[in-house]
Protein chains: 2
Amino acid sequence: MKLVELKDTKELEPFKDCHVRFIHSENVSLAFWKIKANGVLPDHSHINEQVSVVTKGELELTINGVTKKILPGMVAIIPSNERHYAKAITDCELTDVFYPMREDYK
Amino acid sequence: MKLVELKDTKELEPFKDCHVRFIHSENVSLAFWKIKANGVLPDHSHINEQVSVVTKGELELTINGVTKKILPGMVAIIPSNERHYAKAITDCELTDVFYPMREDYK
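First things first, this report covers the structure right here in the doc.

### Considerations on the sheet that holds strand 10 (residues 84-88) of chain A
All names here are of chain A.
Consideration 1: Reading across from one edge, 5-10-7-8 is the order of the four strands in this open sheet, with antiparallel pairing throughout. The open sheet terminates on both sides in strands that have one partner only, identified here as strand 5 (40-44) and strand 8 (66-70). Pairwise comparison of adjacent strand axes, ignoring direction, gives a mean angle of 20° for this sheet.
Consideration 2: Relative to strand 10, strand 5 is paired through three bridges, and the arrangement is antiparallel. Following the sheet pairing, Val40 is matched in strand 10 by Lys87.

Structure representation (structure tokens):
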């Protein structure tokens, strides 16, 4: 077993007001985001399947022109290569799970 | 994109005082546990790699006779086939990520 303290991982800010810490296991990556209200994860896609869990606040997720609000208690499953865009409505926290792991963030 | 409301998923109680809801994507499974203080996930193992994120409360995790306390902000990575045992110290909430998906909970 490996125990990781999130505070010991490197905090990145790949987009303005979007802070993230990554943890990689043998097969998956987890991204722990803290996004300020109005922070935007620009339209992008990746081969990695993504499962997004909002743990605090409200987030809008847009895929193929369809926008949905995501709140705690909701989980979004984004297939491989599907373009998506996210905007924080309030300060929010989000955990993303990726398979395969995000080699671009290792 | 598929949006899932956790409240719409089936709640299971595979062990006393250990309630769980599963979400399965194409590649991974996520388990959202609510465990009452003193609830126990008995010693077990599975081929699935497991990443455990405690979101509320305190949990003890024991692997190979070594017990560690896990709190929010900590993440445990449990390799495939490694036997593990968990006990809730307080009421706690835990999100487990499994790869490959947990066919036994589909």
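So, next bit.
### Overview of the pairing of strand 4 (residues 29-35) of chain A
All names here are of chain A.
Consideration 1: Extensive coverage of strand 4 is indicated by the burial of five of its seven residues.
Consideration 2: Bridge analysis of strand 3 (residues 18-24) against strand 4 gives seven bridges, and the strand direction is antiparallel. Note on strand 4: the bridge partner recorded for His24 is Ser29.
Consideration 3: Hairpin connection, strand 3 to strand 4: the antiparallel pair is bridged by four residues.

### Here's the deal with the interface of chain B and chain A
Consideration 1: Taken together, the contact pairs 31 residues of chain B with 31 residues of chain A.
Consideration 2: If you list the elements that add at least two residues to the side of chain B that touches chain A, you get strand 1 (2-5), strand 6 (49-56), strand 7 (59-63), strand 9 (74-78) and strand 11 (92-99) of chain B.
Consideration 3: Element by element, the count of residues in the side of chain B that touches chain A is highest for strand 9 of chain B, at five residues.
Consideration 4: Of the residues contributing to the side of chain B that touches chain A, the split by class is 19 nonpolar, five polar and seven charged.
Consideration 5: Both strand 9 (residues 74-78) of chain A and strand 1 of chain B contribute to a ladder of four bridges, which runs antiparallel. Within strand 1 of chain B, the position partnered with Met74(A) by the bridge is Glu5(B).

### Focus: the sheet that holds strand 8 (residues 66-70) of chain B
Residues and elements named next belong to chain B.
Consideration 1: If you trace the four strands from one edge of the open sheet to the other, you get 5-10-7-8, paired in antiparallel fashion. Strand pairing shows two members of the sheet lacking a second neighbour, strand 5 (40-44) and strand 8, which therefore form its edges. With direction set aside, neighbouring strand axes in the sheet form an average angle of 20°.
Consideration 2: Here strand 7 runs beside strand 10 (residues 84-88); their pairing, made up of four bridges, is antiparallel. Paired with Leu59 across the bridge in strand 10 is Ala88.

Basis of the calculations
- Residues numbered from 1 in each chain as written.
- Chains lettered and ligands numbered in written order.
- Predicted model: local features only at pLDDT ≥ 70, side-chain atom pairs only at ≥ 80, totals over all residues.
- Pairing = 2+ DSSP bridges.
- Helix = DSSP H or I, 4+ residues; strand = E, 2+ residues; numbered from the N terminus.
- Axes fitted to C-alpha atoms, helices over the stretch in contact; angles between N-to-C directions.
- Buried ≥ 20, exposed ≤ 12 C-beta atoms within 10 Å, placed from the backbone.
- Contact = placed C-beta atoms within 7 Å.
- Nonpolar A, V, L, I, M, F, W, Y, C, P; charged D, E, K, R; others polar.

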